[in-house]
Amino acid sequence: MGLNQLPFDPANNNEPLQFGSASGPLVTEGLIENGGESSKKRKRTNTPSADNSRTLNVDSTAMTLPMSDPTAWATAMNNLGMAPLGIAGQPILPDFDPALGMMTGIPPITPMMPGLGIVPPPIPPDMPVVKEIIHCKSCTLFPPNPNLPPPATRERPPGCKTVFVGGLPENGTEQIIVEVFEQCGEIIAIRKSKKNFCHIRFAEEYMVDKALYLSGYRIRLGSSTDKKDTGRLHVDFAQARDDLYEWECKQRMLAREERHRRRMEEERLRPPSPPPVVHYSDHECSIVAEKLKDDSKFSEAVQTLLTWIERGEVNRRSANNFYSMIQSANSHVRRLVNEKAAHEKDMEEAKEKFKQALSGILIQFEQIVAVYHSASKQKAWDHFTKAQRKNISVWCKQAEEIRNIHNDELMGIRREEEMEMSDDEIEETTETKETEESALVSQAEALKEENDSLRWQLDAYRNEVELLKQEQGKAPREDDPNKEQQLKLLQQALQGMQQHLLKVQEEYKKKEAELEKLKDDKLQVEKMLENLKEKESRTSRLGTSNQDSDYPLEKTMNSSPIKSEREALLVGIISTFLHVHPFGASIEYICSYLQRLDNKICTSDVERLMGRLQHTFKQEMTGVGASLEKRWKFCGFEGLKLT
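All of these numbers come straight from a predicted model, not from anything done at the bench.

The next thing to look at is the overall build of the protein chain. Each helix and strand in the protein chain was counted, giving 17 helices and ten strands. Taken over 643 residues, the protein chain has a buried fraction of 25%. Pairs at least 24 residues apart make up 63% of the contacts formed inside the protein chain by residues separated by at least 6 positions. Just so you have it, the protein chain exposes about 45900 Å², and 55% of that area is on carbon and sulfur atoms.

This is the structure:
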């Protein structure tokens, strides 16, 4: 009746005892103060000793408590009348009275009681852990020497649930192994070897850490001191296929869950798809036609119309309906143009308002600056104090800077307007000139074609006249009056054709003269434009020094030996080629290399170009007699110093 109620049911609680580190104690033993009474305590583990020390009965069913609930752990220890122990076995309260835990209705005060909010400090990793003797039914485990280094272990395999246990006694059986290691957790399988070692597979991974705590313990079967009944346990990680397979399955399951979570997140964040477009029918067509007439629903209806046309809904039966919808869509063009013009007008008005407001602000700034300047004159300046003079000068500078900024902005707006106006005028003049020229050219071509056709007709008439004359000489004289009439008619036709041809030629000459005049006018306009551009570029320059430096550059460009971009490219390629050949190369070798790049390159042109560039290339004679050879070398670095 005096025990405190536990916050959980011990019979149904199967959660394992969690340790802060792999080297924590496997089973918490009671404190043994008198070494002489140890044998009695082995026999009677459930009876308290004279000095009120307690031990846990290993034979009874092990009650495992989750360390994640410190309140339950402290309450259970108090109900047993024991001091609350830490993970390493040290008492949390050094001056704890065990009699308080057995009193009825008075729970002991511990740092982990709810409401106090006191949590025991964590155990530092460098603190040595005190290992104690572990008593089992058939054997006893003695802790290793604390001064020895911890036993070495291999690298932990992923998902390890199997341990290697070596150093077993020769007389050790599988029942003894189960008795020792079942305290660490549920054992699934044991594979024992005849050479004093075995492999134990646990149900969970954290049980392996508990089993590693027993590494280094000396085991003794019963009370025998025979060598075959003793051994030193060595527990280490073991690599098993089943563990690796389960771990891989778990990782794949986690990856699938992660992919599913990401997919759900992407679907949640994805923007909603547009509403589906209805299929074409006469009823829907009439609805869309009504929407097309409404300005507010026009964009939606046009999208539906576009989708229907792309789907191929237009056929002979529905062509008239679609034509009427397209016609109603076309009726909105004028509305959109008017809206654009209205917006442009609003923009121009806003620009004009801004310009007027800016000019008014500039006038006020000018007035303020004039006030500052009048105040800085000697009549008024002498009456101000030093601080007042300083403030007035600072204010004057600030006002001048702001005024200059606004003035530059206003001048920039005016300059842009002037540039737009000049561009429009130039475009209009060029367009008119081009239209006039094109009209004259077309008229001249038409006159040429007419002149050619008239010449061909004249030739045909002349051939006919000659044929008639030949026939007249051969034919009898009876047909003379008819032939004479035909000849007269032909002569009259020829005279008319000749007069028409003369008129056409005169018109053609006039048109050619007009075309030449227009060409001259165009050249003059282009020259004027170039002069204007040059003047603008000269005015935009800061000093006259840049203008003086441009003229010698033009002279050098006009007098340079390189006359085109193609020759400049050839010079660059030849210079690179000869730089790779320091001993020079013949003109045939150079041209063979250049002809791989371009078949049209001629040897004489290349030699003439290299001869012009005397400071870049030089020709030398090598060899004697029959082996005499002309070689070209690159001397650009030396020529740079000379020039």
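What follows picks up the thread again.
The UniProt entry lists residues 326–360 under the feature "coiled-coil region" (unreviewed entry), expressed in the numbering used here. Segment residues 326–360 splits into 97% helix and 0% strand. End C-alpha atoms: 52 Å apart.

With that out of the way, let us pick up the sheet that holds strand S6 (residues 218–221). Strand pairs in the sheet, formed through backbone hydrogen bonds, run parallel or antiparallel to each other. With respect to topology, four strands assemble into an open sheet ordered S1-S2-S6-S7, the strand pairing being antiparallel. In this open sheet, the two edge strands, each paired with only one partner strand, are strand S1 (134–135) and strand S7 (230–232). Sheet analysis places S1 next to strand S2 (residues 139–142), joined by two bridges and oriented antiparallel. Considered in S2, the bridge of His135 is made with Thr140. Its contacts with the sheet place helix H3 (residues 174–181) against S2 and S6, and it is angled at close to 50° to S2.

As a further point, take the pairing of S6. Looking along a regular strand, one sees side chains alternate from face to face of the sheet. Burial of S6 is one-sided: the residues Ile219 and Leu221 facing one way are buried, the residues Arg218 and Arg220 facing the other way are not. When S2 meets S6, the two strands line up antiparallel, connected through four bridges. Of the residues in S6, the one forming a bridge with Phe142 is Arg218. Where S6 meets S7, three bridges bridge the pair, whose relative direction is antiparallel. In the sheet register, Arg218 faces S7, and the bridge partner there is Arg232.

Bringing the pattern of salt bridges into the picture now. For the structure shown, the criterion picks out 20 salt bridges. Among the salt bridges present, the one from Arg335 reaches Asp295, with a minimum N-O distance of 3.5 Å. Here Asp295 lies in the loop between helix H6 (282–293) and helix H7 (298–311) and Arg335 lies in helix H9 (residues 332–375), a separation of 40 residues in the sequence. The exposure class assigned to Asp295 is partly exposed, which follows from its relative accessible area of 45%. A salt bridge links Lys633 to Glu620; the nearest nitrogen and oxygen atoms lie 3.1 Å apart. Residue Lys633 is found in strand S10 (residues 629–634), and its partner Glu620 is found in strand S9 (residues 617–622); the two are separated by 13 residues along the sequence. Salt bridges sharing common partners tie together Lys161, Arg201, Asp243 and Glu246.

A surface patch of nonpolar side chains, amounting to about 240 Å² of accessible area, comprises Ile309, Val314 and Ile326. Owing to a relative accessible area of 43%, Val314 belongs among the partly exposed residues under this scheme.

A few words now on the side chain of Thr162. Structurally, the position occupied by Thr162 is in strand S3 (residues 162–166). Among the polar contacts listed, one links the side chain of Thr162 to the side chain of Asp243, at a separation of 2.7 Å. When near neighbours in sequence (up to four residues on either side) are disregarded, Thr162 contacts His199, Ile200, Arg201, Val208, Phe237, Ala238, Ala240 and Asp243.

The strand order across the open sheet formed by four strands is S4-S5-S3-S8, and the pairing between neighbours is antiparallel. Both edges of this open sheet fall to strand S4 (187–192) and strand S8 (234–237), since each of them pairs with a single strand only. Averaged over all pairs of adjacent strands, the angle between their axes in this sheet comes to 20°, without regard to strand direction. In this structure, S3 lies alongside S8, joined through four bridges in antiparallel fashion. Note on S8: the bridge partner recorded for Val165 is Val235.

Turning our eyes to something else, we now look at helix H14 (residues 565–580). In this model H14 runs 23 Å from its N-terminal to its C-terminal C-alpha over 16 residues, within 8% of the 22 Å that 1.5 Å per residue would give. Among all positions in H14, only Glu567, Leu570, Val571, Ile574, Ser575, Phe577 and Leu578 are buried. The buried residues of H14 occupy one face: seen down the axis, they fall within an arc of 165°. Residues of H14 that are exposed and point over 90 degrees away from its buried face: Glu565, Leu569, Thr576, His579 and Val580. Lining the buried residues of H14 we find helix H15 (587–597), helix H16 (603–612), S9 and S10.

Here the phi dihedral of Asn196 falls at roughly 60°; this positive angle occurs in a residue that is not glycine. Counting through the fold element by element, Asn196 comes out in the loop between S4 and strand S5 (197–202). Residue classification places Asn196 among the partly exposed positions, given a relative accessible area of 25%.

On to the packing of aromatic side chains, then. The tally for this structure, following the rule as stated, stands at eight aromatic pairs. Plain terms: the ring middles of Tyr213 and Tyr217 are 6.1 Å apart, the flat faces sit at 50° to each other, and that makes the pair tilted. According to the relative accessible area criterion, Tyr213 is buried, its value standing at 2%. Judged by centre distance (5.6 Å) and plane angle (90°), the rings of Phe634 and Phe637 are edge-to-face.

Where H15 contacts H16, the axes come no closer than 10 Å and their chain directions differ by 115°. The angle between H15 and H16 falls in the class roughly perpendicular. For the pair H15 and H16, the crossing hand works out as right-handed. Residue-level inspection shows Ile587, Ile590, Cys591, Leu594 and Gln595 of H15 in contact with H16, the latter providing Thr603, Val606, Glu607 and Met610.

Turning our attention to a positive patch on the surface. Side chains of Arg252, Arg256, Arg259 and Arg263 sit close together on the surface and give a patch of like positive charge. Relative to the helices and strands, Arg256 is located in helix H5 (residues 241–269). Owing to a relative accessible area of 47%, Arg256 belongs among the partly exposed residues under this scheme.

This next bit is on the nonpolar core. Val165, Phe181, Ile200, Phe202 and Leu214 are the most contacted members of the largest nonpolar core, which totals 30 residues. Residue assignment for this core shows that the elements contributing at least two residues are S2, S3, H3, S5, helix H4 (206–212), S6 and S8. The contact partners of Ile200, leaving out residues within four places of it in the chain, are Lys161, Thr162, Val163, Val165, Ile177, Phe181, Ile187, Ala189 and Ile190. Counting 17 residues, the second largest nonpolar core, distinct from the first, contains Phe577, Ile587, Ile590 and Leu594.

Right, let's talk about the confidence of the model for the protein chain for a bit. Per-chain confidence: the protein chain averages 76 in pLDDT, with 73% of residues scoring 70 or above. In the predicted structure, residues 1–70 sits below a pLDDT of 50 and forms 96 contacts with residues beyond four places in sequence or in another chain. Counted against residues more than four places away or in other chains, residues 542–557, with its pLDDT under 50, gives five contacts.

Calculation criteria
- Residues numbered from 1 in each chain as written.
- Predicted model: local features only at pLDDT ≥ 70, side-chain atom pairs only at ≥ 80, totals over all residues.
- Heavy atoms only, no water.
- Helix = DSSP H or I, 4+ residues; strand = E, 2+ residues; numbered from the N terminus.
- Buried < 20%, exposed > 50% of the residue type's maximum accessible area, 1.4 Å probe, protein only.
- Contact = heavy atoms within 4.5 Å.
- Areas by Shrake-Rupley, 256 points an atom, 1.4 Å probe, with all protein chains shown as cover.
- UniProt positions renumbered as here; feature names shortened; annotations may be inferred.
- Pairing = 2+ DSSP bridges.
- Axes fitted to C-alpha atoms, helices over the stretch in contact; angles between N-to-C directions.
- Salt bridge = Lys/Arg side-chain N within 4 Å of Asp/Glu carboxyl O.
- Patch = residues over 30% accessible without salt bridge, like charges linked within 9 Å, V, L, I, M, F, W, Y side chains within 5 Å.
- Polar contact = N/O pair within 3.5 Å; in protein donor to acceptor, adjacent residues only side chain to side chain.
- Expected span 1.5 Å × (residues − 1).
- Arc of directions from axis to C-beta.
- Phe/Tyr/Trp six-rings, centres within 6.5 Å; stacked < 30°, edge-to-face > 60°.
- Parallel < 35°, antiparallel > 145°, perpendicular 65-115°, else oblique.
- Left-handed = near helix turned anticlockwise from the far one by under 90°.
- Lys, Arg positive; Asp, Glu negative; His and termini not counted.
- Charge placed at Lys NZ, Arg CZ, Asp CG, Glu CD.
- Core = buried A, V, L, I, M, F, W, Y, C linked by side-chain atoms within 4.5 Å.
- pLDDT = per-residue confidence, 0-100.

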